[in-house]
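# Breakdown of the fold
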Amino acid sequence: MRSIQVCGAGRAGDGTNTNISMLGQVLKDLGAWAFVWREEVYSNIQTRDTAFGLRAADVPVYGPDDEFDILEAFDQGAFVDWTGEGRVPPLARLRKGGIVLYDSSPRLEYPNAGHEVRPEQVEAELKAREARLFGLPMGRMAKEQFGNYIVRGTIALGVLAHMLGLPEEAFARRFVRIFGEGSDLFRLNLEAFRAGLEYARAEGWELPDLRLPLTPREDDERQLLLGNEAVALGSIVAGCRFYAGYPITPASEVLEYMAEKLPSVGGVVVQADSEMAAAHHVIGGSVAGARAMTATSGPGFSLMQEAISAAGMTETPVVIVVSQRGGPATGLPTKVGQEDLNETVFGGHGDFARIVLAPTEPEDAFYMMEKAFNLADRYQCPVFVIYDQMFAQSTYTTPPLNPSRFTIDRGKVVAAPANGHNGRYRRYALTEDGISPRAFPGMPGIHTIYVNTNEHTEEGYITEEMVVRKAMVEKRVVKRMQLIVRDRDLPSPVVHGPADAPIGFIGYGSVYGPVLEAVQRLAEKGQKAKFMALRTIWPFPGREVRRFVDSCRVVYVVEYSATAQLKGLVQREATGPMPRKLRSVLRYDGRPMTPGYVLQSL
């Protein structure tokens, strides 16, 4: 693998995100596989330090590497913890011999004002890292030449383009797509880009050792997609036509994408006044006959628990995306965590059938949404799609997606005008397989549909009689889960690595990329290892996991959780304690997993 990793570090609102995203888009256009993530983003509005990471390679990559090759220092936050809060600045991850391109302007403007870059502050560390420094007065150039401070990031792109041998026309094409050809913003950014390029050329700045051998692809249909966008797109293709949600990081992009795209295919989006309302809206949409979903995170998911139980009791198919962040309570809204796994698998009061799926990367997520909606309709129960902030808000280069692979299965729906008992529709009819045929309002011959959150009779009337209660629980939970466990549409675990490897890893969500690379690095050192990426969390694939664990000498469960929730689930459902064989690789500081972090933890 040939790769390059760049970090842009500045301050919220100064264009750092745009700078890194643009570079990633251009590298993708030139044939690379780009991965862009939020290295450091705070959830407050104090214009705090921000850092965005970009990794580009000649093969697909699904996560960050351990060190940066290039650090763009837009202000002093890239170098030092000026807050004194124990923050680790991006400089700490610069590799030995790495590049520092910094704003050498003597005075910066808002939002960087007062945080000018002073390399002498970290002279010893820069020397120890043998860093190659390039001072560029991008702020002064932006103001004096263009009268617009914000284009300093575009000037920096011009410098990097020359240093890395990236063609100007590739950036120009992106400027056209973003700003519109011939627009004032297009001309401004193109001129700023050229100013940076000419500055670097005049200074003789070259980085031949970091240039990637890139070949643009003809008719390149690959896309740059956020994890959240892939989930939303897959949901629309799967037939979702009603979405209700409340903005919450890191799930908000699902709501935003649905609000933009769903109306164009005849769907409806409701921004509810709370997560509780959103979940109940989704139940209502499903009862009315639409495929319905919502997406949320930690605190919002907790508020939805009563509605989730209501969906279980009323046997209403709903799809709920759980985009995890660091908790508990408000926790770390913009940082990664996997601390809501137990709540997803065991949350909600009472016993009812549920399914929990976990995509590994955006392509997998896109196709998984077909399974999520089909399973929800087939078994008339909540289906959860669980992942984490790193997956949700990172941008992946995704291969061409094929909507024609989707099939729609609405499950058991009333075909005849009557499913009657004394001429009445029995919403909760006791059937041999435990699945009651659904009817939707407006169906011919169906005059009344009772949807009851109390224990109920077949017709939907309230009851507390033990014979009916026992029959309903067995239908709603026991028989249904027996069917679900055997369903071939449940996504199987994916195993990477040789079958006879003595070292094993288990994980889900965004640990996929880092663990996969850790396995590859062990192989390069002559150590065999393999990785089981879980894609169905519930019903837990106990037999497959047990066989995998039995085939290894030692197994590491990798997760973002201090209490090792996934490892606990493995022990509960598959292996038992196994204290010597089952071990944990845990991270709970809110920062992303890397291959080096995984290997150092062994």
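Quick caveat: nothing in here was measured; it's all calculated off a predicted structure. (Residues numbered from 1 in each chain as written. Predicted model: local features only at pLDDT ≥ 70, side-chain atom pairs only at ≥ 80, totals over all residues. Heavy atoms only, no water.)

### Structural notes on the nonpolar core
Spelled out, the test is: Only buried Ala, Val, Leu, Ile, Met, Phe, Trp, Tyr and Cys residues count toward a nonpolar core, and they belong to the same one when joined by side-chain atoms within 4.5 Å. Here the term buried applies to any residue with accessible area under 20% of the maximum for its type, exposed to any over 50%, and partly exposed to those in between, with areas from a 1.4 Å probe on protein chains only.
The biggest cluster of nonpolar side chains holds 132 residues, and the ones touching the most others in it are Phe 79, Phe 505, Ile 506 and Ile 537. Val 41, Leu 166, Phe 186 and Leu 197 belong to the second-largest nonpolar core, a separate cluster that totals 51 residues.

### Quick look at unusual backbone geometry
The condition is simple: Secondary structure elements are defined from DSSP: runs of H or I of at least 4 residues count as helices, runs of E of at least 2 residues count as strands, and each element is numbered from the N terminus.
In this model, Thr 249 is joined to Pro 250 through a cis peptide bond whose omega is 5 degrees. Mapped onto the elements of the fold, Pro 250 is located in the loop between strand S8 (240-245) and helix H8 (252-261). Of the consecutive residues Gly 327 and Pro 328, the connecting peptide bond is found in the cis state with omega at 0 degrees. Along the chain, Pro 328 falls in the loop between strand S11 (318-324) and helix H12 (341-346). If you check the backbone angles, Asp 219 has positive phi at about 50 degrees while not being a glycine. Here Asp 219 lies in the loop between helix H6 (184-203) and strand S7 (223-226). The backbone phi angle of Gln 380 is positive, close to 50 degrees, even though this residue is not glycine. Assignment of secondary structure puts Gln 380 in the loop between helix H13 (362-379) and strand S13 (382-388). Relative accessible area serves as the criterion here: at 1%, Gln 380 is assigned to the buried category.

### Side note on empty space enclosed by the protein
Going by this rule: Buried and open spaces are told apart on a 1 Å grid over the protein atoms alone, a cavity being a set of points where a 1.4 Å probe fits but cannot get out and a pocket being an open set with protein on both sides within 12 Å along at least five of seven lines. Residues with an atom within 4 Å of a point are the lining residues. Grid points are joined across faces, edges and corners, and a volume is the space filled by probe spheres set on the points. Residues were grouped as follows: Ala, Val, Leu, Ile, Met, Phe, Trp, Tyr, Cys and Pro as nonpolar; Asp, Glu, Lys and Arg as charged; and all remaining residues, including Gly, as polar. In this entry, domain limits derive from an automatic or database-based domain assignment.
Applying the stated rule across the entire model yields five cavities of 30 Å³ or more. The volume enclosed by the largest cavity comes to roughly 80 Å³. Forming the boundary of the largest cavity are Ser 286, Val 287, Thr 314, Thr 316, Pro 317, Arg 427, Arg 438, Ala 439, Phe 440, Ile 449 and Val 451. Considered class by class, the residues forming the lining of the largest cavity number six nonpolar, three polar and two charged. Of the domains in this structure, domain 2 (224-405) and domain 3 (412-489) are the two that each give at least three residues to the lining of the largest cavity. Taken together, Arg 38, Glu 39, Glu 40, Val 41, Thr 334, Lys 335, Val 336, Gln 389, Met 390, Gly 590, Arg 591 and Pro 592 form the lining of the second largest cavity. Going through the elements one at a time, strand S2 (33-40) and helix H14 (389-392) are the ones with two or more residues in the lining of the second largest cavity.

### Details of the sheet that holds strand S6 (residues 132-136)
To be explicit about the condition: Only when DSSP finds a minimum of two bridges between them are two strands counted as paired. Only the stretch in contact is used when a helix axis is fitted, and all axes are lines through C-alpha atoms; the angle between N-to-C directions ranges over 0 to 180 degrees. We call two residues contacting when some pair of their heavy atoms lies within 4.5 Å.
Strands sit in the order S6-S5-S4-S1-S3-S2-S14-S7 across an open sheet of eight strands; the sheet is mixed. Edge positions in the open sheet fall to S6 and S7, since each of these has one partner strand only. Direction aside, the axes of adjacent strands within the sheet are offset by 20 degrees on average. Judged from the four bridges that link them, S7 and strand S14 (residues 395-398) form a sheet pairing that is antiparallel. Among the inter-strand pairings, Leu 225 is bridged to a residue of S14, identified as Tyr 396. Its contacts with the sheet place helix H4 (residues 152-164) against strand S1 (3-11), strand S4 (68-73), strand S5 (94-103) and S6, and it is angled at close to 135 degrees to S5.

### Describing the packing of helix H3 (residues 138-146) against H6
How two helices pack is summed up by the angle between their axes together with the distance between the axes. The condition that has to hold: For classification purposes, an angle smaller than 35 degrees is called roughly parallel, one larger than 145 roughly antiparallel, one from 65 to 115 roughly perpendicular, and anything else oblique. Two helices that cross are described as forming a left-handed crossing if the nearer one is turned anticlockwise from the farther one by less than a right angle, and a right-handed crossing if clockwise.
Taken N-terminus to C-terminus, the directions of H3 and H6 make an angle of 130 degrees; their axes are 11 Å apart at the nearest point. By the angle class used here, H3 and H6 are oblique. As H3 runs across H6, the sense of the crossing is right-handed. Counted together, Met 141, Gln 145 and Phe 146 of H3 and Leu 188, Glu 191, Ala 192, Ala 195 and Tyr 199 of H6 form the full contact between these two elements. For the contact of H3 with H6, the class distribution of residues is six nonpolar, one polar and one charged.

### Section: the pattern of salt bridges
What counts, and what does not: Salt bridges are defined by distance alone: a side-chain nitrogen of Lys or Arg within 4 Å of a carboxyl oxygen of Asp or Glu.
Throughout the structure, instances matching the rule amount to 49 salt bridges. In this structure, Arg 426 engages Glu 458 in a salt bridge whose closest nitrogen and oxygen atoms are separated by 2.9 Å. With Arg 426 in the loop between strand S16 (424-425) and helix H15 (466-485) and Glu 458 in the loop between S16 and H15, the pair connects residues that are 32 residues apart, well separated along the chain. For Arg 426, a relative accessible area of 18% corresponds to the buried category. Taking the shortest distance from any N to any O, the salt bridge between Asp 550 and Arg 546 comes out at 3.1 Å. One end of the pair, Asp 550, and the other, Arg 546, are both in helix H17 (residues 542-550), four residues apart, so they sit about a helical turn from each other. Assessed through its relative accessible area of 44%, Asp 550 is described here as partly exposed. For Arg 546, a relative accessible area of 31% translates into the label partly exposed.

### Some points on the side chain of Arg 438
Residue position: Arg 438 is located in the loop between S16 and H15. Contact partners of Arg 438, with chain neighbours within four places excluded, come to Ser 286, Pro 317, Asp 377, Gln 380, Arg 410, Lys 412, Val 413, Val 414, Tyr 425 and Arg 427.

### A look at the domain arrangement of the chain
Definition in use: Two parts placed together each lose some accessible area; with a 1.4 Å probe, that loss summed over both constitutes the buried area.
When the domains of the chain are assigned, the result is domain 1 (3-210), domain 2 (224-405), domain 3 (412-489) and domain 4 (494-600). Summarising the inter-unit geometry, the C-alpha centres of domain 1 and domain 2 are found 34 Å apart. Contact residues are listed per partner, giving 16 residues for domain 1 and 14 residues for domain 2. Summing both partners gives a buried area of about 1300 Å² for domain 1 against domain 2, and 63% of it is carried by carbon and sulfur. Looking at the side of domain 1 facing domain 2, the largest losses of area belong to Trp 33, Arg 38 and Tyr 62, adding up to 37% of the total buried there.

### Topic: the layout of surface pockets
Estimates place the volume of the largest pocket at around 560 Å³. Lining of the largest pocket is provided by 21 residues; of these, Ser 21, Gln 25, Leu 224, Glu 229 and Thr 395 occupy positions nearest its centre. Within the residue set of the lining of the largest pocket, elements represented by two or more residues are helix H1 (16-29), S2, helix H5 (168-179) and S7. It is H1 that provides the largest number of residues to the lining of the largest pocket, a total of six residues. Both domains that furnish three or more residues to the lining of the largest pocket are identified here as domain 1 (3-210) and domain 2 (224-405).

### Re the environment of Gly 8
Along the chain, the position of Gly 8 falls in strand S1. Residue Gly 8 is classed as buried on the basis of its relative accessible area of 0%. In the structure, Gly 8 is positioned 537 residues away from Val 545 in sequence and 40 Å away in space, judged by C-alpha atoms. Among all residues touching Gly 8, those that are not within four sequence positions of it are Thr 16, Ile 20, Thr 50, Ala 51, Phe 52, Glu 72 and Phe 74.

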